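# Structural features, examined
Here is what each chain is made of, one letter per residue.
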Amino acid sequence: MLTKLKPELAIEQYELLPLLEKLQYLGIEWEGDMQTGQVYLQFSDGRIEFHNLLLLKAFVTGCIKMMEYPQHLNSKIELLEQHYQDYVQLQQELIPEIAQNCNSFIQEIHALRLLIYRGAREGRKYLLTLQVNQRKSL
């Protein structure tokens, strides 16, 4: 003899309750019909009815991922912007050192080209070689 699970237990069994609550937090309302075991999702442009809880779980999981994806991209963009700001700051900190340590315009241009095209590490390496050469000449 087959027995039907109560819809409330079935929702918990498939771990849907936390997902549905998260979906509700994102602005999509839901309700379950305890008599029929159906779950309804209310969107701004309509209502979707689910009879199969596994399909509901897959749909809800997809909705959550879709709605969280822009937030994920925004955090990645913020991280990249921070890396870029750090990169620019490192380069700007090196410019006074270039002006101080270079003896000619050609050395300054070469140091600035290294800084721009290869980064602060190569610029610092070039300045170090200039300092070593200056010490040798003294």
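Preceding block: the structure.
Nothing here was measured: the structure is a model prediction, and the numbers come from that model.

## Remarks on the overall build of the protein chain
Counting its secondary structure elements, the protein chain contains five helices and three strands. Along its sequence from the N terminus, the protein chain presents helices and strands in the succession α-α-β-β-β-α-α-α. Burial analysis of the protein chain (138 residues in total) assigns 26% to the buried set. Looking at the protein chain alone, contacts between residues at least 24 apart form 43% of all its contacts between residues at least 6 apart. Accessible area of the protein chain: about 10700 Å², with a carbon and sulfur share of 56%.

## A closer look at the pairing of strand β3 (residues 46–50)
Across five bridges, the pairing between strand β2 (residues 38–43) and β3 is antiparallel. Looking across to β3, one finds that Y40 is bridged to E49. Hairpin geometry of β2 and β3 is characterised by an intervening segment of two residues between the two adjacent antiparallel strands.

## A closer look at the pattern of salt bridges
Counting across every chain of the model gives four salt bridges. In this structure, E31 and R47 form a salt bridge, with 3.0 Å as the shortest nitrogen-oxygen distance. In this pair, E31 is assigned in strand β1 (residues 29–33) and R47 in strand β3, connecting sequence segments 16 residues apart. For E122, the salt bridge is made with K125, and the minimal N-O distance between the two is 3.5 Å. Taken together, the residues span about one helical turn, with E122 and K125 both in helix α5 (residues 120–137) at a distance of three residues. E122 sits in the partly exposed class, given a relative accessible area of 24%. Its relative accessible area of 46% is what places K125 among the partly exposed residues.

Rules used in this analysis
Residues numbered from 1 in each chain as written. Predicted model: local features only at pLDDT ≥ 70, side-chain atom pairs only at ≥ 80, totals over all residues. Heavy atoms only, no water. Helix = DSSP H or I, 4+ residues; strand = E, 2+ residues; numbered from the N terminus. Buried < 20%, exposed > 50% of the residue type's maximum accessible area, 1.4 Å probe, protein only. Contact = heavy atoms within 4.5 Å. Areas by Shrake-Rupley, 256 points an atom, 1.4 Å probe, with all protein chains shown as cover. Pairing = 2+ DSSP bridges. Salt bridge = Lys/Arg side-chain N within 4 Å of Asp/Glu carboxyl O.

Geometric values such as these leave the question of function open.
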